[in-house]
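An overview of the molecular structure
Each chain is listed here by its residues.
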Amino acid sequence: MIIQIAAAIVATLGFGILFGLNRKKLFYAGISGGIGWFFYLISLKVNLSEAIAFLAASLSMTIYSEIMARKLKSPAITFLIGGFIPLVPGSGVYYTMYGLVKNDMQLTVQKGIQTFIVAGAIAVGILLGSTICQIYFSKKKKLY
Amino acid sequence: MDNKNSISKEKIEENSVLFVACYMGRLILQNGGETYRTEETIRRTCEYYGIKANSFATLNTIITSIDSSDGKRYSKVDRIDSRTLNLDKVDRLNHIARNLNEYKISEVKEKIMEIEAENKMSFRKKILGNILVGSAFAILFKGGIRDSIVALISTSILACTDELIKDLKLNNFFVNFIGGVIAAIISLTFFKFNFIDDISISIISALMLLVPGISFTNSIRDIIAGDFVSGISRGVEAVTTGIALASGSGMILSIFL
């Protein structure tokens, strides 16, 4: 599990470099990836469903990113996008289309539905997280 | 944001405000900012200079119109052809947009031009990023150290290819197709030499650089948030990229496997 989380952090760092983040933000973005993957694995360990696990991961990460965004005065997506990389269903989209190309309809349908569930769960997590933060921080006028 | 200091009292030409606001919005969108952030930046910038503005942004266009004080209306349409992800630039543009009281409008324009002109990522950084991504994802997909090594090789070759063809301004579909082909060929080679047991882990780890996971998630988020136009266009973008990658690797695998 520790190796998995470390891998998630490294993957996030790699994408952070590709997205042109500077050193300090890179560090915090990496932590964001680690947090997301940690909550995902924990949720699976306590036998929550896949969708709920993704929701928990993206919710925790969004709250972290919003807090860091306010602390470092930079938009939340700086930390969010890198951190999402390990979670987002990129492989799902790929396998869905791969099934189509290979004429393997079972793979297509299975992966396609899974992709929609995962992406939906993550999207709901982001919206929930940012709404919670918006309410919590609404006393401050500057919203980043 | 509301307290107007002496700088904003200078005589401001409304057309140049429109220009600066749209310029800023365009750069934010081109560097991977969200559509709502683009619209908000343009609106806030105009409002700061006391001009009422309305803006609508999709992934390919930004339409802005302002009501000027002499009763006329001016509008500007920006066409966005290509988008990359450079969060650092988005961050700095965002910072300027929220601290307009520190600059004169001509300074703002200069600052934005400076940010636009900055050159892109150095090759060394790109290859470092690619290598980290590829090798880490092989582990995340429950592969072994050997899968990781193969993914590392594929991603560095992908980085080199990207460097070679970036000046040609090729169609995105074609670029992704080639990416799929390269990843499949390299994994297949190592698979044939019995270096790895599972061919798909290293392929997908390398392709994580290109797969549209973020577009797909953002598309659903936009749709839930009520931004249907950009939601649907992002979704279509994600599906097109997926098709390109899958047909590239699928072609190689069906011929040679």
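Calculation criteria
- Residues numbered from 1 in each chain as written.
- Chains lettered and ligands numbered in written order.
- Predicted model: local features only at pLDDT ≥ 70, side-chain atom pairs only at ≥ 80, totals over all residues.
- Helix = DSSP H or I, 4+ residues; strand = E, 2+ residues; numbered from the N terminus.
- Rg over C-alpha atoms; globule rule 2.2 N^0.38 Å.
- Contact = placed C-beta atoms within 7 Å.
- Nonpolar A, V, L, I, M, F, W, Y, C, P; charged D, E, K, R; others polar.
- Domains from an automatic or database assignment.
- Expected span 1.5 Å × (residues − 1).
- Buried ≥ 20, exposed ≤ 12 C-beta atoms within 10 Å, placed from the backbone.
- Pairing = 2+ DSSP bridges.
- Axes fitted to C-alpha atoms, helices over the stretch in contact; angles between N-to-C directions.
- Left-handed = near helix turned anticlockwise from the far one by under 90°.

A tally of helices and strands in chain A yields six helices and zero strands. Traced from its N-terminal end to its C-terminal end, chain A shows the element sequence α-α-α-α-α-α. Taken over C-alpha atoms, the radius of gyration comes to 16 Å for chain A, in line with the 15 Å a tight globule of 144 residues would show. In terms of its C-alpha atoms, chain A occupies a principal-axis envelope of roughly 55 × 30 × 30 Å. Contacts spanning at least 24 positions in sequence make up 64% of the contacts within chain A whose residues lie at least 6 apart.

A few words on the interface of chain A and chain B. Taken together, the contact pairs 40 residues of chain A with 42 residues of chain B. If you list the elements that add at least two residues to the side of chain A that touches chain B, you get helix H1 (2-18), helix H4 (77-84), helix H5 (90-101) and helix H6 (105-136) of chain A. Examining the composition of the side of chain A that touches chain B, we find that 11 residues originate from one element, H1(A), more than from any other. When the residues that make up the side of chain A that touches chain B are grouped by side-chain class, the tally is 29 nonpolar, 10 polar and one charged.

Now for the domain arrangement of chain B. Residues and elements named next belong to chain B. Looking at chain B, the domain boundaries give domain 1 (6-117) and domain 2 (123-256). When each unit is reduced to the centre of its C-alpha atoms, the spacing between domain 1 and domain 2 is 34 Å. Taken together, the contact between domain 1 and domain 2 spans four residues of the former and five residues of the latter. Residues belonging to the side of domain 1 that touches domain 2 are distributed by class as follows: two nonpolar, two polar and no charged.

All right, on to the environment of B:Leu152 then. Residue and element names in this part refer to chain B. Its place among the elements puts Leu152 in helix H7 (residues 145-165). Put simply, Leu152 and Asp91 are 61 residues apart on the chain and 30 Å apart in space, counted from C-alpha to C-alpha. When residues no more than four places from it in sequence are discounted, the contact partners of Leu152 are Ile131, Gly134 and Ser135.

An ideal rise of 1.5 Å per residue puts 18 Å on 13 residues; helix H10 (residues 213-225) of chain B measures up with 18 Å between its terminal C-alpha atoms. With respect to burial, H10(B) is a largely interior element, 10 of its 13 residues being buried. Listed as buried for H10(B) are B:Gly213, B:Ile214, B:Ser215, B:Phe216, B:Thr217, B:Asn218, B:Ser219, B:Ile220, B:Arg221 and B:Asp222. In this structure, the buried residues of H10(B) make contact with H4, H5 and H6 of chain A together with helix H11 (228-256) of chain B. A positive backbone phi angle near 95° is found at B:Gly226, which sits one or two residues after H10(B).

So, about the sheet that holds strand E1 (residues 52-57) of chain B. All names here are of chain B. Overall, antiparallel pairing links the three strands, which are arranged E1-E2-E3 in an open sheet. Only two strands of the sheet have a single neighbouring strand rather than two, namely E1 and strand E3 (73-79). Each strand axis lies, on average, 10° off the axis of its neighbour in the sheet, ignoring direction. Where E1 meets strand E2 (residues 61-67), six bridges bridge the pair, whose relative direction is antiparallel. When the sheet's bridge partners are listed, Ser55 is paired in E2 with Thr64. Where helix H2 (residues 14-30) meets the sheet, it contacts E1, E2 and E3, and its direction lies at approximately 155° from that of E2. The sheet contacts of helix H3 (residues 35-48) involve E1 and E2, and relative to E1 the element is tilted by about 165°.

The two faces of a sheet get side chains in turn, since along a regular strand they alternate between them. Going residue by residue along E1(B), you find B:Ala53, B:Ser55 and B:Ala57 tucked away on one face and B:Lys52, B:Asn54 and B:Phe56 left uncovered on the opposite face. If you look at the hairpin formed by E1(B) and E2(B), you'll find three residues sitting between the two strands.

All right, on to the packing of helix H8 (residues 172-192) of chain B against H11(B) then. All names here are of chain B. Interhelical geometry of H8 versus H11 gives an angle of 35° and a closest axis separation of 7 Å. Remark: the crossing between H8 and H11 carries right-handed chirality. Residues Phe173, Asn176, Phe177, Ile178, Gly179, Gly180, Val181, Ala183, Ala184, Ile185 and Leu188 of H8 touch H11, and the partners they reach there are Thr240, Thr241, Ala244, Leu245, Ala246, Ser247, Gly248, Ser249, Met251, Ile252, Leu253 and Phe256. Per-class residue counts for the contact of H8 with H11 are 15 nonpolar, eight polar and no charged.

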